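Notes for the structure review
As a plain string of letters, each chain reads:
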Amino acid sequence: MAKVTIDGVMIEVPDGTTILQAARMIGERNKADRHVVPPAMCYYTSLKTSGGYCRTCIVKVTKGSDKDPRPMPKPVASCRTAVMDGMEVANTTDPGLVDARNGVVEMLLINHPLDCPICDQAGECHLQDLSYENGKEASRYEFERRTFDPIDIGDTIKLHMTRCILCYRCVKVGEQLTDGRVHGVINRGDVAEISTYIQNAIENDFSGNMIDVCPVGALTDRTFRFASRVWFTKPVNAHRNCGNPRCNGHVVLWLKGNEVLRVTGRKDMWGEVESFICNTCRFDKKDLAAWTVEGPRQIDRHSVINQGHYNLERKQALLTSPAPNVPELAKRKELKDR
Amino acid sequence: MSARTRPITTTEGTKPFSFSEAGLAECKALMARYPEGRSKSALIPILHVAQAENDGWLSVNAMDAVAQVMGLRHIEVYEVASFYSMFNLHPVGTYVLDVCRTTPCMLRGSDDLITHLEKKLGIHAGETTKDGMFTLKGVECLGSCGTAPMLQCGAQFHEDLTIEKADALIDQLRARNSRTNYTDR
Amino acid sequence: MGRKLLFEHIDKPGIRGLEGYRANGGYRSVEKALKTLSPEAVLEEVKKSGLRGRGGAGFPTGMKWSFLAKPEGVPRYLVVNADESEPGTFKDRYLMERIPHILIEGMITSSFALGAKVSYIYIRGEYFYVARIMEQAIAEARAAGWLGKNILGSGFDHDIHVQVGAGAYICGEETALLESLEGKRGNPRIKPPFPAVKGLYDCPTVVNNVETIAAVVPIVNDGGEEYAKIGIGKSTGTKLISAGGNIKRPGVYEIDLGVTCDEFINSDEYCGGVDGRAFKAVVPGGSSVPIVPYELFLKTPAGENRLMTYESLSEGGFAQGTMMGSGGFYAYNDAQCIVRSTWNHTRFYHHESCGQCSPCREGTGWMEKVLHRLEHGEGRTEDIDLLWDIQRKIEGNTICPLGDAAAWPVASAIRHFRDEFEYHVTHREKVKDPKHFAREPFRKSAKFATA
Ligand SMILES: Cc1cc2nc3c(=O)[nH]c(=O)nc-3n(C[C@H](O)[C@H](O)[C@H](O)COP(=O)(O)O)c2cc1C
Ligand code: SF4
Ligand code: SF4
Ligand code: FES
Ligand code: FES
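Once a new chain begins, its residue numbering starts again from 1 and follows that chain's sequence as written. By the order in which they are written, chains take letters starting at A while ligands take numbers starting at 1. Totals for whole chains, interfaces and linings use all residues, but because this is a predicted model, local features are given only for residues with pLDDT of at least 70 and pairs of side-chain atoms are given and counted only at 80 or more. Hydrogens and water molecules were not included; the side-chain quantities draw on all heavy atoms of the structure.

Points about the site of ligand 3
The immediate surroundings of ligand 3 are formed by 13 residues, with Cys-354, Gln-356, Cys-357, Cys-360 and Cys-400 of chain C found nearest. Polarity classes work like this: nonpolar for Ala, Val, Leu, Ile, Met, Phe, Trp, Tyr, Cys and Pro, charged for Asp, Glu, Lys and Arg, and polar for all others, with Gly in that last group. Grouping the amino acids of the shell around ligand 3 by side-chain chemistry returns eight nonpolar, five polar and no charged. Being near a molecule or strand, for a residue, means having at least one of its heavy atoms within 4 Å of it.

See the structure below:
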């Protein structure tokens, strides 16, 4: 066991636990201590070798351990750094670190499109949350943003590469959950993109989980009917007897009246699904009768949806400068969807 | 440059590809060099072989053939081919002129050399002449900074270049008119 | 004139072939190590020599070797880093092209010390012809029994393979190199684990630069203590410096660590001074190290003569020092524009970023765009502070040191040549002419407020 202190809050955790996991344990223990938990855009507990890429989870190790108390010279990725006994960590209490993290968030946003108003993910986007908490008032980036045309990869998934933050989570899903990855990252540097290269369909029993792990609106569900702002839908927990041995059929149904608009996995308070679901449950069972509803879903996530401070104008100002022409974007979206 | 522009991601209009017998033998030999189960290590060397046998660039057909020979998924090959700047994902000319544009070369006049070549060939860096003879590629430091400015064509380094020397080289290549690959022995 | 250890025989006829190399005392270190020394004893000599990695970071080689994990039944590897893509560096190419056998000899002796049965040379793809030279030399060595099973009857087996890259600076970073060697994209790994524990094919691996491994030959031949007699303090032995830029005599020089910077840049034995104008600035260790004004290259902030050593070059810290790096030395005359050069440096890092982590992927491109704007007469005063802020946000926050390497040239250029950046804002029309300083040498003291 190792004792670690994050922003002054102590916890004892098994050896080998990462700083991020330890912070989440503190947050689960006491809601008031959630501020010790670093944001994580690329790490995903159930995906092996995930994490390390986005750098939003960086923390300052102010004391290495009891044995070697020297601080670490640079910020470290909390999702990939194991705790040591006696380690002391600053997440929000070190101004230098907060500044560095704001820098990372700014970088993630400079090439991000200005299309929150028309993005399916709006309201449940981790990048939106992150920019709300760590962003600057206005972007200092004045150059043309990188854009890609959206493409359909198969009948169920749409890729808006423009929104992708290259977290690699979907690639790990392809590698670890499906029986053969057909998509990946091509090119390098800031023109790297998620691609199937040739327009391959991603046809696989578990491919739909990519949508759930995507922290932004880059991978979306093409079967999401009447794509609707998530805050106009009602999420309920439900299950069915799924024949697939790797799927337990435990899902969230997003309802409008009695209509199932969308099916997703159940996400925990850190935004990660509790278990991956199969494509049949996700894409093919859009009839409420196919499901046993358990009851309304508490959204516990640290999110703009449930914190009641979701405000499009404010968000827009945060993400963009100058503010885009929202009606114009909405019109473009309508045209595209036709 | 290839890593900068979006690659050709369709098989439409491109030639079918299969390895020559010698090429296939080389692939097999390359794969056998690595420890058991690690033959994927041969991917980059094999892509060089494929590129040389496909007129200096990697079409989807060529990459798919590599995937088949090596027993890899297609995406694994695309991912790697598109990462490295020596792999051309668009057709190239008979001669690819890799002109170094990095700072130490710049200090010794590479800007002037590139401008001159662009004017002489009537193309920008990254483009191919209409007659398909030359592709001009701006590349990063080729480890020849002491003999700058320089360009590489095939395996050959042309160093200590002047405008006159570059002109002479172009004329000479044009007269010879046969493809050079850096893999040529 | 210092002693030559690597280049002693470089001009001898036939030195490129095995016969010529042998005739000049080649492969003695293999004989000595395999016949008379234990692997531990070879490691001990390397430790005593004080040899530091010649690839850039300058990490003590003996210490690196002693970190190599040695679990039972798991192979260990030596991988030689011949990716040589650091702008300004061309010493490894020069060495491999001219005396390929010194590298092979060093690899056999080093592998014996490390207990590696197989080693790889990872050569950048653009050096295809060098890879062919190395392959041929390896075939010669194998035919003569220097490689293969039971070398010299010692029971030690060893073989060497040459692997080519395909154009990616990042593959010089040791974990990206290992990924590339495994046939993948050259994405640096997230550390820990370090290669010494989990390297090539998840096995313990040592990655060393070509020159580092070549230096093992004289160390084993003459003894580590003898090697350590050359140099000053913790900078022992000789170092290959690739000299370029606006000097009279570009080329690769083997120097004793500790010659003064003044002697190196101005004496006819080495660079031979400036090519007709006046020196303005120096990058002494490859594009990733801070650029320093000529005066600060010659003298430390304390006013002492600066020496070509790891310590002396970095004296003054980041604010007033620089680094030895890979020894990719290039000097600027006063016709050169620092803003243009900084833009070019940044263009390079933008082009070479692997794209895995956000500060480097996005930040390098952003800096390039701002610098492009400044250099082409479209900049604003705030751009200078913006650049400073962007580089600060990249540095230290990335997976691998490429992020730092992209930040330092920008930071140092602004720190030392802020007036040139300001000039670009105040003289937008003038700087639109790409040869702006070629006609009008830029003097730091000059006043540009008028005009
Ligand atoms: C971006 C980057 C590029 C590098 N390029 C090279 C290179 O081209 N050659 C090299 O020997 N080392 C290079 N290095 C350093 C290697 O990571 C590693 O430190 C070195 O090969 C170790 O060998 P040494 O201890 O003998 O110096 C590079 C490092 C970084 C971060
Ligand atoms: S598409 Fe989504 S999940 Fe995939 S890398 Fe991009 S942001 Fe991550
Ligand atoms: S710092 Fe740059 S090169 Fe290094 S891992 Fe990150 S993106 Fe890749
Ligand atoms: S969550 Fe740790 S680096 Fe992305
Ligand atoms: S900068 Fe052109 S060869 Fe090094």
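Section: the sheet that holds strand β5 (residues 87-90) of chain A
The strands making up a sheet associate through hydrogen bonds between their backbones, and the pairing can be parallel or antiparallel. All names here are of chain A. Strand order across the open sheet formed by five strands is β2-β1-β5-β3-β4, with mixed pairing between neighbours. Every other strand in the sheet has two partners, leaving β2 (9-13) and β4 (76-77) as the edge strands with one partner each. The pairing criterion is simple: DSSP has to find at least two bridges between the two strands. Secondary structure follows DSSP: runs of H or I at least 4 residues long count as helices, runs of E at least 2 residues long count as strands, and numbering of each begins at the N terminus. Sheet topology places strand β1 (residues 2-6) next to β5; three bridges connect them, and they run parallel. When the sheet's bridge partners are listed, Ile-6 is paired in β5 with Val-89. Strand contacts of helix α1 (residues 19-29): β1, β2, β3 (58-63), β4 and β5, with the helix running at about 110° to β2, the strand carrying the most contacts. Seen against the sheet, helix α2 (residues 95-110) touches β3 and β5 and runs at an angle of roughly 160° to β3. Contacts were defined at the residue level, with two residues in contact if any of their heavy atoms lie within 4.5 Å. Helix axes are fitted only over the stretch in contact, all axes being lines through C-alpha atoms; the angle between N-to-C directions runs from 0 to 180 degrees.

Some points on the nonpolar core
In plain words, nonpolar cores are sets of buried Ala, Val, Leu, Ile, Met, Phe, Trp, Tyr and Cys residues tied together by side-chain atoms within 4.5 Å. Relative accessibility under 20% of the residue-type maximum defines a buried residue, over 50% an exposed one, and the middle range a partly exposed one, all with a 1.4 Å probe and only protein chains included. Judged by nonpolar contacts, the single largest core of 227 residues is most densely connected at Leu-47 and Tyr-84 of chain B together with Ile-104 and Ile-121 of chain C. The element that contributes the greatest number of residues to this core is helix α18 (residues 402-426) of chain C, accounting for 10 residues. In this structure, Leu-257, Leu-313, Met-324 and Ala-331 of chain C belong to the second largest nonpolar core, which totals 26 residues.

Points about helix α17 (residues 381-394) of chain C
Every buried residue belonging to α17 of chain C is among Asp-383, Ile-384, Leu-386, Leu-387, Asp-389, Ile-390, Gln-391, Lys-393 and Ile-394 of chain C, and all of these are buried. On the buried face of α17 of chain C, the contacting elements are α2 of chain A together with α16 (358-375) and α18 of chain C. Directly after α17 of chain C, the chain includes Gly-396 of chain C, whose backbone phi takes a positive value near 85°.

Side note on the interface of chain C and chain B
Often, the extent of an interface is quoted as the loss of accessible area upon association of its parts. Across the boundary between the two partners, chain C contributes 58 residues, which contact 44 residues of chain B. Summed over both partners, the accessible area (1.4 Å probe) lost when two parts come together is defined as the buried area. Three residues stand out in chain C for area buried against chain B, namely Ala-166, Arg-185 and His-351 of chain C, and they jointly supply 15% of the buried area on that side. Within this document, salt bridges are pairs made up of a side-chain nitrogen of Lys or Arg and a carboxyl oxygen of Asp or Glu, the two lying within 4 Å of each other. With a shortest N-O distance of 2.5 Å, Arg-347 of chain C and Glu-140 of chain B are connected by a salt bridge. The definition of a polar contact used here is a pair of N or O atoms within 3.5 Å, where within protein one atom must be able to donate a hydrogen and the other to accept one, and adjacent residues in sequence count solely through side-chain atom pairs. Counting across the chain C and chain B interface gives 27 residue pairs in polar contact (both at pLDDT 80 or more). When contributions to the side of chain C that touches chain B are tallied by element, the ones reaching two or more residues are β2 (118-123), α7 (128-143), β3 (159-164), α8 (174-181), β7 (238-245), β11 (328-333) and α15 (338-352) of chain C.

Some details on the packing of α15 of chain C against α18 of chain C
Angle between the axes and distance between the axes: these two values describe a pair of packed helices. Residues and elements named next belong to chain C. At their nearest, the axes of α15 and α18 sit 9 Å apart, and the two run at 160° to each other. Compared by their axis directions, α15 and α18 come out roughly antiparallel. Viewed along their axes, α15 and α18 form a crossing whose handedness is left-handed. Contacts between α15 and α18 pair Ile-338, Val-339, Thr-342, His-345, Thr-346, Tyr-349 and Glu-352 from the former with Leu-402, Ala-405, Ala-406, Pro-409, Val-410, Ala-413, Phe-417, Glu-420, Phe-421 and His-424 from the latter. Split by residue class, the contact of α15 with α18 holds 11 nonpolar, four polar and two charged. Our angle categories are set so that under 35 degrees counts as roughly parallel, over 145 as roughly antiparallel, 65 to 115 as roughly perpendicular, and the remainder as oblique. For any pair of crossing helices, the crossing counts as left-handed if the nearer helix is rotated counterclockwise from the farther one by less than a right angle, and right-handed if it is rotated clockwise.

Let's talk about the pattern of salt bridges
Following the criterion strictly, the structure yields 59 salt bridges over all chains and no others. The residue Glu-272 of chain A makes a salt bridge to Arg-24 of chain A at a minimum N-O spacing of 3.1 Å. Placement of the pair is Glu-272 of chain A in the loop between β13 (259-264) and α6 (279-284) and Arg-24 of chain A in helix α1, with a sequence separation of 248 residues. The residues Glu-272 of chain A and Arg-24 of chain A share a single accessibility class, namely buried. Put simply, Arg-373 of chain C and Glu-142 of chain A hold a salt bridge, and the shortest N to O gap is 3.0 Å. Of the two residues, Arg-373 of chain C sits in helix α16 while Glu-142 of chain A sits in the loop between α3 (126-134) and β6 (151-153), which places them in two different chains.

Looking at the packing of aromatic side chains
Two rings from Phe, Tyr or Trp (for Trp, the six-membered ring) form a pair when their centres are within 6.5 Å of each other. A pair whose planes differ by under 30 degrees is stacked, one over 60 is edge-to-face, and the rest are tilted. Tallying each qualifying case throughout the model produces 32 aromatic pairs over all chains. Ring geometry for Phe-264 of chain C against Phe-329 of chain C: centres 5.0 Å apart, planes inclined by 85°, an arrangement best described as edge-to-face. Linking Phe-264 of chain C in helix α11 (residues 261-266) with Phe-329 of chain C in strand β11, this pair joins segments that are 65 residues apart in sequence. Grouping residues by exposure puts Phe-264 of chain C and Phe-329 of chain C together as buried. One aromatic cluster is present, formed by Tyr-253, Phe-264, Tyr-270, Phe-297 and Phe-329 of chain C through successive ring pairs. Placement of a charge over a ring requires the Lys NZ or Arg CZ to be within 6 Å of the ring centre, with the centre-to-atom vector within 35 degrees of the ring normal. Between the NZ or CZ atom of Arg-188 of chain A and the centre of the ring of Phe-83 of chain B, over which it lies, the distance is 5.7 Å. If you follow Arg-262 of chain A out to its NZ or CZ, it ends over the ring of Phe-224 of chain A, 4.7 Å from the centre.

What to know about the domain arrangement of chain A
Residue and element names in this part refer to chain A. Per the domain assignment, the segments making up chain A are domain 1 (2-95) and domain 2 (229-338). Listed per partner, the contact involves 11 residues of domain 1 and seven residues of domain 2. Roughly 820 Å² of surface becomes buried between domain 1 and domain 2 when both sides are summed, with 53% attributable to carbon and sulfur atoms. The largest contributions to the domain 1 side of the interface with domain 2 come from Arg-24, Arg-34 and Tyr-44, which together make up 62% of the buried area. On the surface where domain 1 and domain 2 come into contact, there are one salt bridge. Residue ranges assigned to each domain were obtained from an automatic or database domain assignment.

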